[in-house]
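Chain and residue survey
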Amino acid sequence: MRWFRAVAVVIALAGVLACESDEARLAEHLERGEAYLSEDKASEAVIEYKNALQLAPNEAAAHYGLARAYMAIKQPRKAFWEYQETARLDPSNHDARLAYAQFLLFGGDDELTQALEQADAVIAADETRWEAHLMRGRSLEGLSRIDEAQAAYEKASELQPERSELIRLLANFQVRQGRTEAAEALYQNLVEVAPTTESYFALGGFLAQARERDEEAEAAYRNAIEVAEDAERSAAYRRLGSFYYSRERFDEAEAILREGLEATGDDIELIYSLARYYHSRGAPEKADAMMEEATRARPDEVRPYLILSAYRGRAGDLEGALEAAEAALSVDGNDESARLRKAELLVDLGIRRGESERLAEGRAIVQAILASSPDSPEGHFVGAKLDLAEGRPDDATVALRKALDVRPDWPQAHFLLASALVLEGDRQQARAEALRSVELDADFVEARRLLTRIHAELGEHDLAVEEARRILRQNPDDRAMRIVMAQSLVHLGKLDQARAELESVPLEDRASEVHFALARIDMMQGRNEFARAKLLAALEERPEHPEILESLLRVEASLGQIDRFLQRIAEAAESRPDKASLVRLHGLALLLAKQGREGEAKLRRAIELDPNDLAAYQALAQLLMSTRRVEESIQTYQRAVESRPDSAPLRFTLGTLLEGSGRAEEAIEQYEAAIAVDPRLAVAKNNLAYLLAEGGNDLDRALDLAQEAKRELPDNPNSADTLGWVLYKKGIPEAAVGYLREAEAGFPPDHRDLGVVRYHLALAYEAQGEPSQARETLERALQQLEKARAAAAEAGNPEPADPPWVADVRNLLNRLGE
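Residues numbered from 1 in each chain as written. Predicted model: local features only at pLDDT ≥ 70, side-chain atom pairs only at ≥ 80, totals over all residues. Heavy atoms only, no water.

1. Description of the nonpolar core
Core analysis: the biggest nonpolar cluster contains 92 residues, and L535, F565, I569, F652, L681 and L778 have the highest contact counts within it. Once residues lying within four places of it in the same chain are set aside, the contact partners of L681 are P611, N612, Y617, A648, F652 and A674. Of all hydrophobic cores here, the second largest spans 91 residues; its members include L53, A87, W130 and Y200. (Core = buried A, V, L, I, M, F, W, Y, C linked by side-chain atoms within 4.5 Å. Buried < 20%, exposed > 50% of the residue type's maximum accessible area, 1.4 Å probe, protein only. Contact = heavy atoms within 4.5 Å.)

2. A short note on the packing of aromatic side chains
Taken as a whole and judged by the stated rule, the model has 15 aromatic pairs. Between Y245 and Y277, the aromatic rings sit 6.2 Å apart at their centres with planes inclined by 80°, giving edge-to-face as the arrangement. In this pair, Y245 sits in helix α13 (residues 230-246) while Y277 sits in helix α15 (residues 268-280), placing the two residues 32 residues apart along the sequence. One exposure class covers both Y245 and Y277, and it is buried. Grouped by ring-pair contacts, the aromatic residues Y64, F80, Y83, Y100 and F103 constitute a single cluster. Directly above the aromatic system of Y64 lies the positively charged group of R68, at a separation of 4.5 Å from the ring centroid. (Phe/Tyr/Trp six-rings, centres within 6.5 Å; stacked < 30°, edge-to-face > 60°. Helix = DSSP H or I, 4+ residues; strand = E, 2+ residues; numbered from the N terminus. Lys NZ or Arg CZ within 6 Å of the ring centre and 35° of its normal.)

3. Notes on empty space enclosed by the protein
For the structure shown, the criterion picks out two cavities of 30 Å³ or more. Empty space within the largest cavity amounts to approximately 60 Å³. In this structure, the largest cavity is lined by Y245, A442, D443, F444, V445, R448, R470, I471, Q474 and N475. Here the lining of the largest cavity gets three residues from one element, more than from any other, and that element is helix α26 (residues 461-474). By residue class, the composition of the lining of the largest cavity is five nonpolar, two polar and three charged. When its volume is computed, the second largest cavity comes out at roughly 30 Å³. (1 Å grid on protein atoms, 1.4 Å probe; cavity = no way out; pocket = protein on both sides within 12 Å on 5 of 7 lines; lining within 4 Å. Points joined across faces, edges and corners; volume = space filled by probe spheres on them. Nonpolar A, V, L, I, M, F, W, Y, C, P; charged D, E, K, R; others polar.)

4. Side note on helix α40 (residues 699-712)
Helix length check: α40 (14 residues) gives 20 Å between terminal C-alpha atoms against 20 Å at 1.5 Å per residue, within 8%. Those residues of α40 that fall on the buried side of the exposure criterion are L699, A702, L703, L705, A706, A709 and K710. Those residues of α40 that are buried are in contact with α23 (411-424), α24 (427-440), α38 (664-677), α39 (682-695), α41 (717-729) and α42 (733-746). (Expected span 1.5 Å × (residues − 1).)

5. Section: the pattern of salt bridges
One pass over the full model with this rule turns up 75 salt bridges. With a closest N to O distance of 2.5 Å, E248 and R473 form a salt bridge. Within this pair, whereas E248 is found in the loop between α13 and α14 (250-264), its partner R473 is found in helix α26, the two being separated by 225 residues in sequence. One salt-bridge network, held together by shared partners, links R211, E248, R448, E466, E467, R470 and R473. (Salt bridge = Lys/Arg side-chain N within 4 Å of Asp/Glu carboxyl O.)

6. Focus on the confidence of the model for the protein
Across the protein, the average pLDDT comes to 86, with 96% of residues at 70 or higher. Ranking the elements of the protein by mean pLDDT puts helix α1 (residues 2-38) last, at 65, and helix α12 (residues 214-227) first, at 94. Contacts from residues 1-18, a stretch scored under 50 in pLDDT, to residues over four places away or in other chains number zero contacts. (pLDDT = per-residue confidence, 0-100.)

7. Some thoughts on the packing of helix α3 (residues 60-72) against helix α4 (residues 76-89)
Look at α3 against α4: their axes get within 8 Å of each other, and the N-to-C directions meet at 155°. Relative to α4, the element α3 lies roughly antiparallel. As α3 runs across α4, the sense of the crossing is left-handed. Every residue of α4 that contacts α3 at A60, H63, Y64, L66, A67, R68, Y70 and M71 is listed here: P76, K78, A79, W81, E82, Y83, E85, T86 and L89. Here the residues of the contact of α3 with α4 sort into 11 nonpolar, two polar and four charged. (Axes fitted to C-alpha atoms, helices over the stretch in contact; angles between N-to-C directions. Parallel < 35°, antiparallel > 145°, perpendicular 65-115°, else oblique. Left-handed = near helix turned anticlockwise from the far one by under 90°.)

Here it is in structure tokens:
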């Protein structure tokens, strides 16, 4: 027994000593890990923290140290998990919680909600942590809780009033919300608190948005040069050069770039900027020589080859750009920027030429880089190009916002984000991104082209014409921009100027778009025989284009030659029996040819093919109402819905008939049911949102529905009108005006719905405190009515009755005139 007890004591003592030894070893690993981190030896620190976790898997300090070490060696994906574990094991580690929340900001609503929870927990423990209030603001803004986000940002600034990044962040937030006066006050405060190059860049960019403040913007950019550190001087000269270029002060742009070269000792970025300047001013040989010289002077550096690659890419020489990227990789095959540049060019070439092999090669490079560096802005940028090529603009938007979080002054990323937002139907935000791209790089022609189109689509035709003229001065053969400018001139009522622009295109170079644009001007001027010839010329190149065919239908009907069109559209529809737009036009032609039963059948078939073809529903509803079969039709559709309650198109059609009969509540029920059956039925969301707004009922839901409809029907002017009308009803006329102008621009100049849209727009202008704009809009509505009457009189038709909106327009005009 005595022997057994002795053994037991020895074993117990060994256990105690082992525990003491493990605790000591854990402390040693943690201490060495911290020491390695302080000495910038992150790889060694990783080993120490991993050793610590082998001894104590739930040691929060080890997880936190490992997270920081992973971040130092650019392995954020691993760091994310370690921060998450730290926050779970030690909720009092506020730094870890905020770092974990930072990762969550890049996710969806669920992740943003988790980030908000982390920020709130830190604030509950220590309300003086400004970083937590900042995180709260960013989370809330991502969740579209704007007022709460502003309060959080302001609290962070209140706690740290001298911290420049908070002032800039709050100023940018105010810009995003359209609060320019508040933003300017913050930008002015920014340069007082922190008179740095970045601060003056921010102020100059803000001021440059208004041409009348060019002198102030120029002064801000010059101040940026004055205060620039050596590493910032090149960017400061380039920013002022870009400003001069945007204002077409070309001599000053060249002079400031040359001054910058002298001040910096031939900085490669300035050489690139000056080369681009020469190229844009028609001296490509001089530009090429500068770029080649720069690479020859630095043959063992990656950066000059990447600059050369960017230059060649901007000039349209993608193969030459790829060759330069390969040269950069020959200097350093592991350089991440060179690998991504190669990937980007492979993607661009793959898209342009339809070469799936190059796309796949580019994708493999991007995936490999993002696997090791998930926060790489360049990786997300190239990944976004792939997303767009594969039809995923929403994914591209997420990726580009991640890239811009790291590189906020990247013009190409702002341009690509604008392109993605256009595809998503958010032209308001797209305009802001395109403007930012042009502000950062005034010579970025593709961004200017996109900005011009966005201005036109938003109904900002003066701005569209201004931008188009700037582009055409440098690229007079840019046919697409000439067409956009002509279309905007048409909307401005300057038909002769529009015709002159289009006729400046040589006859042999007039593609389908030019013929179509000229035909529309002829139609507006009542020259239908001339319009017909041009439409036929346009159809030679694009025989199934629905808009051209619809215009030809209207022309042939006005000339009494509907049979000619009927033969053409019948052949087209028979060759493409599953194309809804052709089937719808066939149905409309049959109706005009007095073949009502056949026409009705075609319209129903078009709806079957495309349940979101709003024009087909409208035509069918008008047919049923015009034939005095409304009640009969309603009863027929009610019976059909009873037998097929799961048919969303049937419910939607019934809803349109009920709405047209003034039975709004019953229409709302059918639209609700249609959406319940098919949540993708955007036309039902659009009509339901409009009725809810008209009744003033549940405006929050109306806004949600209208926004969804706009996203799903981005090019439909009806969806823009509905969203604008809901915003007006909610008391946000500043936001409403943009969408209502977009709606006005989206309808043909003689469309029957334009009067209502213009009435809505005038109300928004009035609410915004712009009565003169409201009057001009109402006068355009009445002018359209007078033109319709004149056309009817010329054709010998009875004068059309006043549509319902006329009384509202005249009443509003009287009120504005008081």
